[in-house]
Amino acid sequence: FLTLFNVFRGHREKVGRKAKLSLAIAEKYGFVQWEKLASMARVWAEPGPGRAEMALSLERQIREILPGLFPIYSILAAEVLLEEGWTREATVLANSARKTATHSGLGLAIPELLRLEGEGLRKGTKEERRRAEELFERSLSLAKSTGAWWFALRTAISFARHFPKDASNTSLRLSLEEIRGGESFPLVQEARTLLESSPNSGTPVVEKT
């Protein structure tokens, strides 16, 4: 779970190190579940051939061994698929995992799964782009209402990058203001760079103390 903490803050280097450590412990003591989870984190963190295939395979295995928690790890798989250009597969996976999370009460995963589904649709038809924008808006609303500001920031970055306008810049700024002590995280640095490069960046971000 500490590894997931760093995933959602965009810190791939830390995730990779912790995943390797978790894998070593899991293999030593025969913890099959830990091994699958750590393997998924490692695939997310490290570039290499066959990432998409490995992510899909691990996601299916995690669905079987952890039917109640798998949507959290589907997030990692969907993001890998998007990065590798497997857009349709990523969209279908995120949608399926989101429905399961909704039915099982795993609300933690829903904002990010909404975002990933939107990422998968944003390059499609006009109707799919409209749907993607709606998914980003739903993700932001849900993340904000539950105080999940790191999820809100992830969606705000997607929203501002793909649908740049005053509303998306405002969401990006507000998300940054709610996060404390996160300047060292790549996700925060990316958000600040994106906001500063926007022609309508508005007032400076003031970090809460």
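See the structure printed just above.
Presented here is a report on the structure given in the accompanying data block. Since this is a predicted model, take the numbers as computed values, not measurements.

### Quick notes on the overall build of the protein
- Counting its secondary structure elements, the protein contains 11 helices and zero strands.
- Along its sequence from the N terminus, the protein presents helices and strands in the succession α-α-α-α-α-α-α-α-α-α-α.
- Its C-alpha radius of gyration of 17 Å places the protein within 12% of the 17 Å reference for a compact globule of 209 residues.
- Along the three orthogonal principal directions, the C-alpha set of the protein runs to about 55 × 40 × 35 Å.
- For the protein, the proportion of its 209 residues judged to be buried stands at 49%.
- Taking contacts inside the protein between residues at least 6 apart in sequence as the whole, the part at least 24 apart equals 59%.

### Here we look at the nonpolar core
- Residues Leu153 and Leu172 are the most contacted members of the largest nonpolar core, which totals 61 residues.
- Looking at this core element by element, the count peaks at nine residues for helix H5 (residues 70-83).
- Excluding its chain neighbours within four sequence positions, the residues that come into contact with Leu153 are Leu172, Ser175, Leu176, Ile179, Leu187, Val188 and Ala191.

### Section: the pattern of salt bridges
- By the definition in use, this model includes 21 salt bridges.
- With its nearest N and O atoms 3.2 Å apart, the salt bridge here joins Arg42 to Glu46.
- The exposure class assigned to Glu46 is partly exposed, which follows from its relative accessible area of 25%.
- A salt bridge links Arg88 to Glu89, with the shortest nitrogen-to-oxygen separation between them at 3.7 Å.
- The class for Glu89 is partly exposed, based on a relative accessible area of 26%.

### Digging into helix H8 (residues 126-145)
- In this model, H8 (20 residues) spans 29 Å end to end at C-alpha, consistent with the 28 Å of a helix rising 1.5 Å per residue.
- The set of residues buried in H8 consists of Ala132, Glu133, Leu135, Phe136, Ser139, Leu140 and Ala143. Looking straight down H8, one finds its buried side chains confined to an arc of 160 degrees; they lie on one side. Pointing more than 90 degrees away from the buried face of H8 are the exposed residues Lys126 and Ser145.

Cut-offs applied
- Residues numbered from 1 in each chain as written.
- Predicted model: local features only at pLDDT ≥ 70, side-chain atom pairs only at ≥ 80, totals over all residues.
- Heavy atoms only, no water.
- Helix = DSSP H or I, 4+ residues; strand = E, 2+ residues; numbered from the N terminus.
- Rg over C-alpha atoms; globule rule 2.2 N^0.38 Å.
- Buried < 20%, exposed > 50% of the residue type's maximum accessible area, 1.4 Å probe, protein only.
- Contact = heavy atoms within 4.5 Å.
- Core = buried A, V, L, I, M, F, W, Y, C linked by side-chain atoms within 4.5 Å.
- Salt bridge = Lys/Arg side-chain N within 4 Å of Asp/Glu carboxyl O.
- Expected span 1.5 Å × (residues − 1).
- Arc of directions from axis to C-beta.

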